[in-house]
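These are the residues of each chain, in order.
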Amino acid sequence: MSRREYDEDRARCRLSWPVPDLSRCRGQFPSLGRVVGGHPVARLDGPGGTQVPAGVIAAVARHYETANANAHGLFAASVETDAVIAGAREAMAALLGAAGPSTISFGQNMTTLNFSLAHAVARTVRPGDEVVVTDLDHDANVAPWGVLAERGAVLRHVPVWPDATLDMEAFRALVGERTRLVAVGYASNAVGTVNDLAAVRAWTREVGALLVVDAVHWVPHGVVDVAELDPDFLLCSAYKFFGPHVGVLYSRPGALDALATDKVRPQLDRAPERVETGTLNHAALAGVTAAVDFIAGLGPGALVGAGLRQQLVAAMEAVYAYEHRLVERCWRGLGELPGVRRYGPEVGAARRAPTVSFTVGGVHPDEAAAHLAARGISVWSGNFYAVTVVERLGLAASGGLVRAGMAPYNSQAEVDRLLGTVEALAGRRARAGHGPGP
């Protein structure tokens, strides 16, 4: 599906059925029952990692209880571990729309996998080759490509506009005959921007460059179809979509086999294993499968009995619609508060991650986050490893941003709590003589 078709389908979806209230799933998350400082917790910190449902916790515990053994043995527990690995590959292939489990590799985290990928690509680079990265990305999709610069490659940076969207004309101009690889995020973890990857993929095809997509901040919030997008590599993290800390690498069929990866000699010299160094976290992989199953269960009940991929697409459509309703309320509400400045694209018809970043005039972001935390509201402050975009927004010296994000277990009441608490903080600061800020 192209970006335009996706947006048109989204508009039709909004008109044809009511937005589901996914907060019904809250009861499946034990951590949401906490009380902090006399306040029930409002976990709006999802961009840094979601909470984990009971089914995922149980799957991890069950593996330790019944099948805690290394892989590739002939006894029952080891055979069961092999099945856990295979099941996790199948589940992630379904979530990403991949051709099959041989396209899915696992690692300690997305950053580690991307460094491993960069080391492999570096062996193919010649002096003067060019690598394009963006000023919008999390540093996990920027720093690893510095390895290629050590081999003589030249790093080119795509600038961002003041609204925290990429300068697509500059992007197009940077992709040329010497471009060996383009690394770009699907969505910004700092400000919620969703990039036009279809255009970027077309440009990389024209020059034969590899496309590496950091999808960590989009997989939890919208449909991903790697068969349609056709990236060479796409990475994500299970702990961002209700699972344990596991990194996931999708490789286009044949793409990983074309690279000389770092591996021990006994490791299989084929995809997907050839980029997996050491023993995998098998219990966590059991949790990955359970997390994907949880997502599938968020969709319309009428689809029960459909294939897993169909269930996941329907579920992610519902997740996007629900989270978008929450983020629209949050975005509008913050925009009405004196002294509060929002960052990132407007929330509207165009695709956007349900992430809202803002500042409160005269209040350091850490102070604002601490004020909210004392009232049971979990948010983040700082640059969120999206170092360059925060610098380009002129916020690095003042502490960066305050960031809140929506997940299916969040509610309208929690958004309203956030708005009311920020309003009180901004009003208190204004009364203290600091003024309303920008």
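Residues numbered from 1 in each chain as written. Predicted model: local features only at pLDDT ≥ 70, side-chain atom pairs only at ≥ 80, totals over all residues. Heavy atoms only, no water.

## Looking at the sheet that holds strand 5 (residues 130-134)
What counts is decided by this rule: Pairing between strands is defined by DSSP: at least two bridges between the two strands are required. Every helix listed is a DSSP run of H or I at least four residues long, and every strand listed is a run of E at least two residues long, numbered separately from the N terminus. Each axis is a line fitted through C-alpha atoms, and for a helix only the stretch in contact is used; angles between axes span 0 to 180 degrees, taken between their N-to-C directions. Every residue pair with non-hydrogen atoms within 4.5 Å of one another is taken to be in contact.
Sheet architecture is open: seven strands sit in the order 4-10-9-8-7-5-6, paired in mixed fashion. Strands with a single pairing partner mark the edges of an open sheet, and in this sheet they are strand 4 (104-107) and strand 6 (154-158). Taking the axes of each pair of neighbouring strands and ignoring which way they run, one obtains an average angle of 20° across the sheet. Sheet topology places strand 9 (residues 233-237) next to strand 10 (residues 247-251); five bridges connect them, and they run antiparallel. In the sheet register, Leu 234 faces strand 10, and the bridge partner there is Tyr 250. Taken strand by strand, helix 3 (residues 76-96) contacts strand 4, strand 9 and strand 10, and its axis lies near 115° from that of strand 4.

## Details of the sheet that holds strand 11 (residues 340-343)
Spatially, 11-12-15-14 is the arrangement adopted by the four strands of the open sheet, whose pairing is antiparallel. The strands lining the two open edges of the sheet, one partner per strand, are strand 11 and strand 14 (380-382). Across this sheet, the average inter-strand angle for adjacent strands is 30°, counted without regard to direction. Here strand 12 (residues 355-360) runs beside strand 15 (residues 401-405); their pairing, made up of four bridges, is antiparallel. Paired with Ser 357 across the bridge in strand 15 is Arg 403. Each of strand 14 and strand 15 is contacted by helix 11 (residues 365-373), which is oriented at about 40° to strand 15, the strand it contacts most.

## Remarks on helix 11
Condition: Exposure is judged per residue with a 1.4 Å probe applied to protein chains only, and the accessible area is read against the type maximum: over 50% gives exposed, under 20% gives buried, and values in between give partly exposed. Summarising the geometry, the arc corresponds to the directions from the helix axis toward the C-beta atoms.
For helix 11, the complete set of buried residues consists of Pro 365, Ala 368, Ala 369, His 371 and Leu 372. Looking straight down helix 11, one finds its buried side chains confined to an arc of 160°; they lie on one side.

## Re the confidence of the model for the protein chain
Quick note on the threshold: Per-residue confidence from the predictor is given as pLDDT, running between 0 and 100.
Mean pLDDT over the protein chain works out to 93, with 93% of the residues at or above the 70 mark. This stretch, residues 1-16, has a pLDDT under 50; its non-local contacts, to residues over four places away or in other chains, come to 21 contacts.

## With respect to the packing of aromatic side chains
Filter applied, for reference: By convention, a stacked pair of Phe, Tyr or Trp rings (six-membered ring in the case of Trp) has centres within 6.5 Å and planes under 30 degrees apart, an edge-to-face pair has planes over 60 apart, and any other such pair is tilted. Placement of a charge over a ring requires the Lys NZ or Arg CZ to be within 6 Å of the ring centre, with the centre-to-atom vector within 35 degrees of the ring normal.
Counted under the stated rule, the structure contains eight aromatic pairs. Ring geometry for Phe 242 against Phe 294: centres 5.0 Å apart, planes inclined by 70°, an arrangement best described as edge-to-face. You can see Phe 242 sitting in the loop between strand 9 and strand 10 and its partner Phe 294 sitting in helix 9 (residues 282-296), a full 52 residues away along the chain. In this structure an aromatic cluster arises from ring pairing among Phe 29, Phe 242, Phe 294 and Tyr 409. For the cation-ring pair, Arg 352 lies above Trp 331, with the distance from its terminal atom to the ring centre recorded as 5.0 Å. The ring of Phe 384 has Arg 403 lying over it, and the distance from NZ or CZ to the ring centre is 4.1 Å.

## Structural notes on unusual backbone geometry
Peptide bonds are mostly trans, and most non-glycine residues show a negative phi. Ala 271 connects to Pro 272 through a cis peptide bond whose omega is 5°. Structurally, the position occupied by Pro 272 is in the loop between strand 10 and helix 9. Of note in this structure, Tyr 385 is not a glycine but carries a positive phi near 70°. You can see Tyr 385 is positioned in the loop between strand 14 and helix 12 (387-392).

## Things to note about the environment of Gln 310
Structurally, Gln 310 can be placed in helix 10 (residues 308-335). Distance from Gln 310 to Ala 94, taken between C-alpha atoms, is 8.7 Å for residues 216 residues apart in sequence.

## Concerning the packing of helix 3 against helix 10
Where we set the bar: In what follows, roughly perpendicular refers to angles from 65 to 115 degrees, roughly parallel to angles under 35, roughly antiparallel to angles over 145, and oblique to any angle outside these ranges. By definition, turning the near helix anticlockwise from the far helix through less than a right angle yields a left-handed crossing, and turning it clockwise yields a right-handed one. Side-chain classes are defined by residue name, with Ala, Val, Leu, Ile, Met, Phe, Trp, Tyr, Cys and Pro counting as nonpolar, Asp, Glu, Lys and Arg as charged, and the others, Gly among them, as polar.
At a minimum axis distance of 8 Å, the contact between helix 3 and helix 10 shows a crossing angle of 50°. Looking at the two axes, helix 3 sits oblique to helix 10. The chirality of how helix 3 crosses helix 10 is right-handed. Contacts between helix 3 and helix 10 involve Ala 91, Ala 94, Leu 95 and Leu 96 from the first element and Leu 308, Arg 309 and Leu 312 from the second. Tallied by class, residues from the contact of helix 3 with helix 10 come to six nonpolar, no polar and one charged.

## Details of the side chain of Thr 81
Counted only if it meets this: What qualifies as a polar contact is a pair of N or O atoms within 3.5 Å, subject to a donor-acceptor requirement within protein and to the restriction that residues adjacent in sequence count only when both atoms come from side chains.
As for its position among the elements, Thr 81 is in helix 3. From its side chain, Thr 81 meets the backbone oxygen of Ala 67 in a polar contact 3.1 Å long. In this structure Thr 81 touches His 63, Ala 67, Ala 69, Asn 70, Ala 71 and His 282, once residues within four positions along its chain are discounted.

## Describing the nonpolar core
Quick reminder of the rule: We define the nonpolar core as a collection of buried residues of types Ala, Val, Leu, Ile, Met, Phe, Trp, Tyr and Cys that are connected through side-chain atoms lying within 4.5 Å of one another.
In this structure, Met 92, Leu 96 and Phe 171 are the most contacted members of the largest nonpolar core, which totals 112 residues. For this core, the leading source of residues is helix 10, giving eleven residues. Ignoring anything within four residues of it in the chain, the contact list for Phe 171 reads Val 132, Thr 134, Val 158, Leu 166, Val 182, Val 184, Val 200 and Trp 203.

## A look at the pairing of strand 15
In terms of burial, strand 15 is a largely internal element, five of the five residues being buried. Residues Leu 401, Arg 403 and Gly 405 line one face of strand 15 and the alternating positions Val 402 and Ala 404 line the opposite face, and both faces are buried.

## A closer look at helix 9
Where we set the bar: Expected span, for any helix, means 1.5 Å times one less than how many residues it has.
Spanning 15 residues, helix 9 covers 22 Å between terminal C-alpha atoms, matching the ideal 21 Å at 1.5 Å per step. For helix 9, the buried fraction is high: 13 of the 15 residues fall into the buried class.

## Thoughts on the packing of helix 2 (residues 54-66) against helix 9
Between two packed helices, both the angle of their axes relative to each other and the distance between the axes serve to describe the pair. Where helix 2 meets helix 9, the closest approach of the two axes is 8 Å, and the angle between their N-to-C directions is 145°. The crossing of helix 2 and helix 9 is right-handed. Seen from helix 2, the contacting residues are Gly 55, Val 56, Ala 59, Val 60, His 63 and Tyr 64; seen from helix 9, they are His 282, Ala 283, Ala 286, Gly 287, Ala 290 and Ala 291. For the contact of helix 2 with helix 9, the residue count by class is eight nonpolar, four polar and no charged.

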